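# Analysis of the macromolecular model
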Amino acid sequence: MANKRIASSSRDNWGEKLARKSMEISNGNSPFHHVTLKHRRTTLGRVDKFLSPIYFTDVNIFGRLYQRHAPVMLIKHFGPTNSTFQEISKCENHFKNFIVGDNFGPTFSRHWFKLSIEIPSSWIREKVQLIWDMGCEGLIWRNNKPVFSLNYEDEFGVKKRYNIYEKFQQHNDRSVTLYISVSCNRLLGEGKNGMINPTDLKKMFTLTKAEIVTLNSDAYNTFLDLCLLHELAKSLPEDSQRSTEALYSANEIINILVKSKFSEQGYTNARDISKKFFTTKTRDGEHIVHAMGHCHIDSAWLWPYSETIHKCARSWISTLTLMDKFPDFTFVCSQAQQFEWVKENYPEIYKKLKIYVKEGRFIPVGGTWIEMDGNIPSGESMIRQFVFGQRFFLEEFGITCKEFWLPDTFGYSANLPQIMNEAGIHNFLTQKLSWNLVNTFPHNTFHWEGIDGSRVICHFPPGDSYGMHVKPEELLKTMSNHKDKGRSDTSVFLFGFGDGGGGPTEGMLHRLSRMSNCAGLPKVKMSTPDQFFADVVKTQDKLCTWVGELFLELHNGTYTTQAKIKKFNRKCEILLHNIEFMWTLAESQKKKDFPPYPRQEIDRLWKLLLLNQFHDVLPGSSIELVNQDACKYYEDIMKSGEILINTANKSLIKHTKNKTEFSFLNSLSWDRKEVVELPDKSLSFIFCPSLSMTSIHICETDPVIVEPQKNGMISLRNSKLRCTFDNGGRLVSLQLNNAEGSKELIKSSHFGNQLVLFDDVPLFWDAWDVMDYHLETRSPVLDVIEPLHVSEKSCELRGILEFSVRIGDNSKLKQTIELDADSPVIRFKTFVDWQENHKFLKVEFPWNIHSTKATHEVQFGHLERPNHQNTSWDSARFEVWAHKWADLSEYNCGVAILNDCKYGYSTFGSTMRLSLLRSPKAPDDNADMGEHEFTYEVMPHSKSLQESGVIKQAFQLNNPLRAFEGKVENDLKLANLNTDAVILDTCKKSDVHKDAMLLRLYEAFGSSTECEITLSNSCIKKVERCNILEEPKESCDIEINENHSFTSSFSPFQIQSFLVWLD
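Reading guide: rules and limits
Residues numbered from 1 in each chain as written. Predicted model: local features only at pLDDT ≥ 70, side-chain atom pairs only at ≥ 80, totals over all residues. Heavy atoms only, no water. Salt bridge = Lys/Arg side-chain N within 4 Å of Asp/Glu carboxyl O. Helix = DSSP H or I, 4+ residues; strand = E, 2+ residues; numbered from the N terminus. Buried < 20%, exposed > 50% of the residue type's maximum accessible area, 1.4 Å probe, protein only. Lys, Arg positive; Asp, Glu negative; His and termini not counted. Contact = heavy atoms within 4.5 Å. Axes fitted to C-alpha atoms, helices over the stretch in contact; angles between N-to-C directions. Left-handed = near helix turned anticlockwise from the far one by under 90°. Pairing = 2+ DSSP bridges. pLDDT = per-residue confidence, 0-100.

Moving on, we come to the pattern of salt bridges. Applying the stated criterion across every chain, the model contains 66 salt bridges. One salt bridge in this structure joins Lys114 and Glu92, with 3.0 Å as the shortest N-O distance. Of this pair, Lys114 sits in strand β5 (residues 110-118) while Glu92 sits in the loop between α3 (85-88) and β3 (96-97), and the two are 22 residues apart along the sequence. Between Lys952 and Asp980 there is a salt bridge, with the nearest N and O atoms lying 2.9 Å from each other. Here Lys952 is found in helix α20 (residues 950-958), whereas its partner Asp980 is found in the loop between β50 (975-977) and β51 (982-989), with 28 residues between them in sequence. Note on Lys952: relative accessible area 23%, which makes it partly exposed. On the basis of relative accessible area, Asp980 is assigned to the partly exposed category, the value being 46%.

Structure follows, in structure tokens:
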């Protein structure tokens, strides 16, 4: 016994000696201690392999993240099905057994899985997670509520895992039942052999792993430290002290873990090293980064609208779960439409979301219904985006947004600052101009001034992304790339998976906490838009100002792609304008038997239109399924809108058996005199007063002269112009009839109305981009099928010519050229059977005009753009957008090209081109294939475009006088304006005030003027100036004149809204 005690004592002494010897070795006091001269490349490689999910996982830290594994006891499957949780929970007999390795699908179908889990009793005090790998997106339900989402994305090899128990305790249920609602698509859709390729609609998915595990928290936290140290060592300047410190710290952590055989003490010692590194604070005065969680979710793009509803639910429930765990975490979220979707389809998530909105952590931003396209929607459509968005946020959360949020659209109209201001918004965040292909935008934080002089503070996050992953290189770029140093020392950092949803992850928040005040990096703090812009305002006097549009030098093809959708959009905008005008006109008559104003239905139709103006739908950059859904919504608007028109018509017009009595609607704010087609297909030249519904007033006019010539050319002539066309429909001569003489407007030896075809193969973004080099491939369309001839329908009121040509290898175009009596325009009605591949069809007019700029209509105004290539900024505008018209003028002479559904223009020197059709093959391989009908007009003019009526004529092309059978008992007229410079753009019933109507006007010439608005046959009780949200404007008292009118002064391109109460 004594000998055993001696032996034991001897072993203890030996152990103490060994421990001391090990300490000496570790302190370098041993001949066996080796100090390695660190080679940067090999050390970085060592760290990389120690973290790798692929290499050496049997000995590295990644392979130690999960300690214990157990299979999911039972899996059952039900699908495809669109059933809700409430529905599937009542039909358990539909579920069938399912095992790892089984397939499900196809693309965009939805499925339910039921998981029966049994947690081993030996897992007490462990963090228990579910690993469920299926290659697509899913939403986990537990205890009848959605609790977490899953997707295929990973960070440093670690995918999202659901925490079944943060710390499994004895009293917890070992048996757990989960349901998973699965969508058969990844975050960015299912393009066949490429993200933006047409969708593979037959793709099947496989359940590759279904197990429960215990997470080694010590290993995981050390893994996060090492990942960051590795990234910092690579991202910081190679010769910097901090880069070396990061590399040495990571290397030492590996040594400690290996020597300790990954013991608990080893992890503690390793964490001490990383803690020392991350708590070395950045110096005072360093750049300040305002971090905010973000999850940009395209309302439709590479997936249909219906899937976006579930993307929102999945992304937001994960965000809300993180908020439970991280009390300082803030998250910004735009698009009121998506909030409404979640409210209607996932009330449990919405209820929890509202709690965090009230706490100021889940922050609605943007103030719009959706993140719309920034170019193509009309001015009133843009206003309604803010009206519906701000109204939703006010009704649901008691707030309105102070910032406009549009990070991912394809350019920004020069009148957006005014529209923002009118919605109570004075700050703007975007980043898309970082995609410019030619020029680098010179600012990140600046004042943006619109065409009317309105200003907003604008910020482009200098990290050039709205979906950061919280990596050191992103923070370093945010600091180094900020172009307004000295004027602003702060910027926004938006983090979270985006485009297809996903949002922030727990790993991102852990990394952010480690880097919040770490030497070598900018200072980072969790923040809000209000806090950021409040900091910017403090030094706003130092900021530079950018005047005019924010033009994106990329994605110019989106002005033309998906022509059908763009045509639908224009027609629906006009239809809704007319619906609101007719019902307001009817209400102003105060007829007792007239039905109530259909506000709910009009709002429904507006919401559908606004939804389709999303920045991947209206531009034409979505998959075919989205385009099909969009067209269904448009058809709903058109059909339901016609019902509303006809209902109003029945109350306004006296219908008789006499089919020769007609009434006309003119919803524009000027008198019109023009040729119209009656319901019986006959033509008449009539007069129709402004803003009225009147019986027909037929007028006399000089006839149109049609003159065929021996050489096959044909001339058309009326009281205002004369033109000549060759047998291929090309315009060879155009002159005005005026007292001062007539200048030839077609350039010598050139042809107008020349159809031209271009090769159209971009670098990558097929539906999005047209490149400047396409202009080098010009090919005139010269293959005439049917030569120009006089139509059988041609008459004294309307001269009509027809011809047809072959375009490319597979397409045909037929055109009807019309000149009406007393009309200032030549009309080109065009039918195309389009079957091309990567071709771009335009029509060009080489004018005999000298100017250095062309003028283009934008929302509530117009702007000038250069038609030369003096600078790279000029040349980057080789394809631009406009709304209803573009004009090229010299003093006292010019020509405008008007259109009824096109948006792309190109003007170089004296040659103007209107873009007609494209034929990209991705992401919709059937884009624009098929038949198209559209109209463009040419309007030569003397004097300025304003004085000659170009703006009016473009409105008239898009909103023709509408004939109704029946007679108005007394002509119904709503109002009259005393100046052509101001346009009454919208007339509707107030959304806020029960007995008031809303009138919205804008100055269209670019002048300062005064306008008198006279209400016809009505006594004005009260008038208030308001913003677009119908909030009263301070110091804007309106006096009512004796003649039932009121007067207001307008500055150039100013929008003004008025609430009017009638007796």
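There's more to say after this.
The topology assignment puts Asp874 in helix α18 (residues 872-875). It is Arg877 that comes nearest to the buried, bridge-free Asp874 among opposite-charge side chains, at 5.7 Å. When sequence neighbours within four positions are dropped, the list of residues in contact with Asp874 reads Pro866, His868 and Gln869.

Another aspect to go through is the packing of helix α4 (residues 217-235) against helix α13 (residues 506-515). Packed helices, taken two at a time, are described by their axes: the angle between them and the distance between them. Across the interface, α4 lies against α13 with an axial gap of 11 Å and an inter-helix angle of 65°. Of the two possible hands of crossing, α4 and α13 adopt the one that is right-handed. Of the residues in α13, those in contact with Tyr220, Asn221, Leu224, Asp225 and Leu228 of α4 are Gly507, His510, Arg511, Arg514 and Met515.

In this section: the sheet that holds strand β36 (residues 798-807). Here 9 strands make up an open sheet; going across it, the order is β35-β36-β37-β38-β47-β44-β43-β40-β41 and the pairing antiparallel. Edge positions in the sheet fall to β35 (783-790) and β41 (861-866), since each has one partner strand and no second. The mean angle between the axes of side-by-side strands here comes to 20°, regardless of whether they run parallel or antiparallel. Pairing analysis gives 10 bridges linking β36 to strand β37 (residues 811-820), with the strands arranged antiparallel. In the sheet register, Arg806 faces β37, and the bridge partner there is Lys812. Running at roughly 20° to strand β44 (residues 893-899), α20 makes contact with β40 (853-858), β41, β43 (885-890), β44 and β47 (930-942) of the sheet.

For the chain, the average pLDDT comes to 94, and 96% of its residues sit at 70 or higher. Confidence over residues 1-26 falls short of pLDDT 50; this stretch has 5 contacts with residues more than four positions distant or in other chains.

Mapped onto the elements of the fold, Cys688 is located in strand β27 (residues 683-688). Remark: the alpha-carbon pair of Cys688 and Thr701, spanning 13 residues in sequence, is separated by 15 Å. Discounting residues that sit within four places of it in the chain, Cys688 has contacts with Phe664, Asn666, Asp671, Arg672, Thr694 and Leu961.

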